[in-house]
Amino acid sequence: MPVPAYLAWARASWGGKRLTESDWRALMVAAQAGNAGVYRRLLTEVGAWLQRYYYRRLPAAMVDDAVQEVLLALHEKRHTYDPSQPFGPWLAAIARYKWIDRLRVMKAASMEELSDDMSVLDHGEAVQSARSLEVLLDRLKPAQAEVIRLVKLQGLSIEEAAARTGQTISLVKVNIHRGLGRLTALVQDQTDEL
Amino acid sequence: MSYDSLINRLTEDLKPVRRRRLGLDVMIIAVICAVELGLFFAAGFARSNMPAMVQQPTFWWRIVSLALISLISGALAILSFNPTYSPRRGIRWLALIIAICIVFGLCIGAGPLGLDAIIRRLNWQNGVQCAGKMIALSLPPLIGFGVLMRRGAPTDRRGTALLVGLAAAAWGAFVFVFACPFDDPLYITVWYSVGCGIVALISRFALPRLARW
């Protein structure tokens, strides 16, 4: 018995090549005919495409639910796909429909309004400290200030800071040590002046 | 995230499907409408003075207008069962066609316009009955369209439901034309609009819930 064209293609392309529009169409036609192996491949590819689609349109926490909902819709409505038409717009129309549906639900969901007199922490002190630190760092040598920012403020490792700045690991350590010493001296000078 | 469990479940559930065919949908609706019209005449609901009625310009105005509205809205509704088709532009054109039909009818038979004359011409007791009969005659195509809409995949459910309502209502009114004893364009415009409007509104608000997918 001859192998149908779509099945021959599916077997040949199982190695993970990028799908073209005609590939999508062939997969969907095979799925409509009841070919489970091809259908699995189609759903996997569609799932990956939907993830990319929804990451740009929905909060990250909602993406998985949205993808699963479209996969279910695709399964339920697979008989509405007309093979004489391209598969991409058909899938995109369903994905867009489910996206708008989800936005409507989000809009309709009750939101708790925040009261005007709700107490919040005062960030003034933190902002002032950050500003003071920046002023102090500006008074260090640029190489010292840079590695202190990377290692002590941004949390990079010594090796990562060395790779990023082009300094050797030992030089990074020395610059941090000397920079911190210089900062301590600057702070002490300011305290004495007060 | 991997969707393996869902994909496994869907793959296990996979069965060959019979594709939705546009021509079959059209044929189903055409058969429903033809059977309804046939039964209507067979039951003797049509007016007995048909030869005189066909000489009235308002008769042809009603027949042509309602057939046109029914055909266009029905075709657009069936097209919009496909997820890639948006019915929005079609609805705007349909609204324009309906407005032209109404204005044309009012022009061909302008009658007296005093308040008393208008109230007498509207004849609300008969008008309510006519609207009720039109609504009843709209039900068979409305149910047929509703089943097809549920099987389809409309992505603008509200727009599609409105088109379905307009198509079914226009068809119900079209059939009712053969039994309607009134020829006054004002009466026809008002009460036919009421009957069709009720069906369209019911469809617009009820069908989207049934066709949720």
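See above for the structure.
Nothing here was measured: the structure is a model prediction, and the numbers come from that model.

(A) Structural detail: the environment of B:Cys130. Residues and elements named next belong to chain B. Assignment of secondary structure puts Cys130 in helix H7 (residues 124-151). Here the alpha-carbon distance between Cys130 and Phe182, two residues 52 residues apart in the chain, equals 9.6 Å. Setting aside residues no more than four positions away along its own chain, Cys130 makes contact with Phe176, Cys180, Phe182 and Tyr187.

(B) Seen up close, the packing of helix H4 (residues 60-76) of chain A against helix H5 (residues 87-108) of chain A. All names here are of chain A. At a minimum axis separation of 10 Å, H4 and H5 run at an interaxial angle of 130°. As far as their axial angle goes, H5 and H4 are oblique. Between H4 and H5 the crossing geometry is right-handed. Within the contact between the two elements, H4 uses Met62, Asp65, Ala66, Glu69, Val70, Ala73 and Leu74 and H5 uses Phe87, Trp90, Leu91, Ile94, Ala95, Lys98, Arg102 and Met106. Grouping the amino acids of the contact of H4 with H5 by side-chain chemistry returns 11 nonpolar, no polar and 4 charged.

(C) Layout of the layout of surface pockets. Considering only enclosed or pocket space, the largest pocket measures out at about 540 Å³ in volume. Those elements that place two or more of their residues in the lining of the largest pocket are H5 of chain A together with helix H8 (157-177) and helix H9 (185-210) of chain B. Ranked by the residues each element gives to the lining of the largest pocket, the list is headed by H5(A), at 8 residues. Looking at the lining of the largest pocket, its residues break down into 9 nonpolar, 3 polar and 10 charged.

(D) Fine view of the packing of aromatic side chains. Inspection of every chain in the model, using the stated rule, returns 16 aromatic pairs over all chains. Here the aromatic rings of B:Phe59 and B:Phe178 are separated by 6.0 Å at their centres, their planes lie at 70°, and the arrangement is edge-to-face. Taken together, the residues span a long stretch of sequence, with B:Phe59 in helix H4 (residues 57-79) and B:Phe178 in the loop between H8 and H9 at a distance of 119 residues. On the accessibility criterion, B:Phe178 (11% relative accessible area) is buried. Chaining the aromatic ring pairs together yields one cluster made of B:Phe40, B:Phe41, B:Phe45, B:Phe59, B:Trp60, B:Trp171, B:Phe174 and B:Phe178. Over the ring of A:Trp99 we find A:Arg57, and its NZ or CZ is 5.7 Å from the ring centre. Directly above the aromatic system of B:Trp213 lies the positively charged group of A:Lys98, at a separation of 5.3 Å from the ring centroid.

(E) Spatial organisation of H5(A). Taking 1.5 Å as the rise per residue, H5(A) with 22 residues should run 32 Å; its terminal C-alpha atoms sit 32 Å apart, in good agreement. Those residues of H5(A) lying buried are A:Phe87, A:Trp90, A:Leu91, A:Ala93, A:Ile94, A:Ala95, A:Tyr97, A:Lys98, A:Asp101 and A:Arg102. Packed against the buried residues of H5(A) are helix H2 (21-32), helix H3 (36-55) and H4 of chain A together with H8 of chain B.

(F) Seen up close, the interface of chain B and chain A. Taken together, the 29 residues of chain B in the interface contact 34 residues of chain A. A combined buried area of about 2900 Å² lies between chain B and chain A, and 61% of that area is made up of carbon and sulfur atoms. Summed over the three residues of chain B that lose the most area to chain A, namely B:Tyr3, B:Leu14 and B:Trp213, the buried surface amounts to 24% of that side. For A:Asp101, the salt bridge is made with B:Arg157, and the minimal N-O distance between the two is 3.4 Å. Secondary-structure elements contributing two or more residues to the side of chain B that touches chain A are helix H1 (4-12), H7 and H8 of chain B. Examining the composition of the side of chain B that touches chain A, we find that 6 residues originate from one element, H1(B), more than from any other. Tallied by class, the residues present in the side of chain B that touches chain A amount to 12 nonpolar, 6 polar and 11 charged.

The rules behind each value
- Residues numbered from 1 in each chain as written.
- Chains lettered and ligands numbered in written order.
- Predicted model: local features only at pLDDT ≥ 70, side-chain atom pairs only at ≥ 80, totals over all residues.
- Heavy atoms only, no water.
- Helix = DSSP H or I, 4+ residues; strand = E, 2+ residues; numbered from the N terminus.
- Contact = heavy atoms within 4.5 Å.
- Axes fitted to C-alpha atoms, helices over the stretch in contact; angles between N-to-C directions.
- Parallel < 35°, antiparallel > 145°, perpendicular 65-115°, else oblique.
- Left-handed = near helix turned anticlockwise from the far one by under 90°.
- Nonpolar A, V, L, I, M, F, W, Y, C, P; charged D, E, K, R; others polar.
- 1 Å grid on protein atoms, 1.4 Å probe; cavity = no way out; pocket = protein on both sides within 12 Å on 5 of 7 lines; lining within 4 Å.
- Points joined across faces, edges and corners; volume = space filled by probe spheres on them.
- Phe/Tyr/Trp six-rings, centres within 6.5 Å; stacked < 30°, edge-to-face > 60°.
- Buried < 20%, exposed > 50% of the residue type's maximum accessible area, 1.4 Å probe, protein only.
- Lys NZ or Arg CZ within 6 Å of the ring centre and 35° of its normal.
- Expected span 1.5 Å × (residues − 1).
- Buried area = accessible area lost by both parts, 1.4 Å probe.
- Salt bridge = Lys/Arg side-chain N within 4 Å of Asp/Glu carboxyl O.

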